[in-house]
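Okay, here's what each chain looks like letter by letter:
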Amino acid sequence: MDLQRVYMTRRRFTSLAQVVEEYYDELLTFVVRRTGSRPLAEEIVHETWIRACITTVVMPGNPRAYVYRMASNLVVDHHRSHSVRKHVELSQPQDYESTEPDAPSHLHDLAVPSHEDMVSARQELALISDVVTRLPQKCRQVFLMYRGQELSMSEIAETLDISIRTVENHVARAMVECRRCLQDARRDL
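**Q** Before we go on, may I ask you to explain the environment of I128 in this structure?
**A** In this fold, I128 is placed in helix α6 (residues 115-134). A C-alpha to C-alpha distance of 7.4 Å links I128 and C181, two positions 53 residues apart in sequence. In this view, I128 contacts C178 and L182; residues no more than four positions away in its chain are not counted.

Set out below in structure tokens:
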């Protein structure tokens, strides 16, 4: 690749979110080919944009390739999550072990979190909960629908009669606030 083109690309964008916006259609086509579903692809590209908004990474040398990698990783995450869900749904009741009544055998292989991990997780949840309660009403409503009810951005936009872009902005703002709160809490330790 021509060094002048790399320099111009890096200089033209001031944020990764701008890169996602610039290559949105191209990125959407890329994700549709990998998922086979346009609605799912739209969700993944929107999630890519949100992550691009909240990332603290320095602008990479090839920002276009970077956002493609972000989207590709989200596709992989979706496939893993879908695969795990399918596996759990397909588990039969006769998979139980006799050592623990009513406990599926695959649960015996899970690591038990330490007391410190549980306390830390509870503290983080309390911090996040506090941040969410302080968000503006519409932002909080959108964020809770997106993360709490797991509605798609298009479903939220339709339900609240707002644009998908507005939904994206509310979710991005909430995630930035949550991330900032957690980073501040870690610095105070």
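Next comes the rest of the write-up.
**Q** How should I be thinking about helix α7 (residues 137-148) in this particular structure?
**A** Owing to its 3.6 residues per turn, the α-helix brings residues three or four apart onto one side. All buried positions along α7 are accounted for by C139, V142, F143, M145 and Y146. Take α7 and look down its axis: the buried residues cluster within an arc of 160 degrees, on one side only. What points out from α7, more than 90 degrees from its buried face, is the exposed set Q137 and G148. After α7 finishes, the residue E150 shows a positive phi value of roughly 55 degrees.

**Q** Before we go on, may I ask you to explain unusual backbone geometry in this structure?
**A** Across the chain, the bulk of peptide bonds are trans and the bulk of non-glycine residues have phi less than zero. Here the phi dihedral of D161 falls at roughly 55 degrees; this positive angle occurs in a residue that is not glycine. As for its position among the elements, D161 is in the loop between α8 (153-160) and α9 (164-188).

**Q** Explain the pattern of salt bridges to me, please; I cannot follow it from the model alone.
**A** It is possible for side chains bearing opposite charge to pair when their charged atoms get close. Within the structure shown, the criterion is met by 7 salt bridges. With a closest N to O distance of 2.9 Å, R180 and E177 form a salt bridge. Of this pair, R180 and E177 are both found in helix α9, 3 residues apart, which corresponds to roughly one turn of the helix. Accessibility expressed as a relative area gives 27% for E177, which makes it partly exposed. Within this structure, E47, R51 and R147 form a network of salt bridges that share partners.

What counts, and at which threshold
Residues numbered from 1 in each chain as written. Predicted model: local features only at pLDDT ≥ 70, side-chain atom pairs only at ≥ 80, totals over all residues. Heavy atoms only, no water. Helix = DSSP H or I, 4+ residues; strand = E, 2+ residues; numbered from the N terminus. Contact = heavy atoms within 4.5 Å. Buried < 20%, exposed > 50% of the residue type's maximum accessible area, 1.4 Å probe, protein only. Arc of directions from axis to C-beta. Salt bridge = Lys/Arg side-chain N within 4 Å of Asp/Glu carboxyl O.

As far as function goes, none of this settles anything; it's purely spatial.
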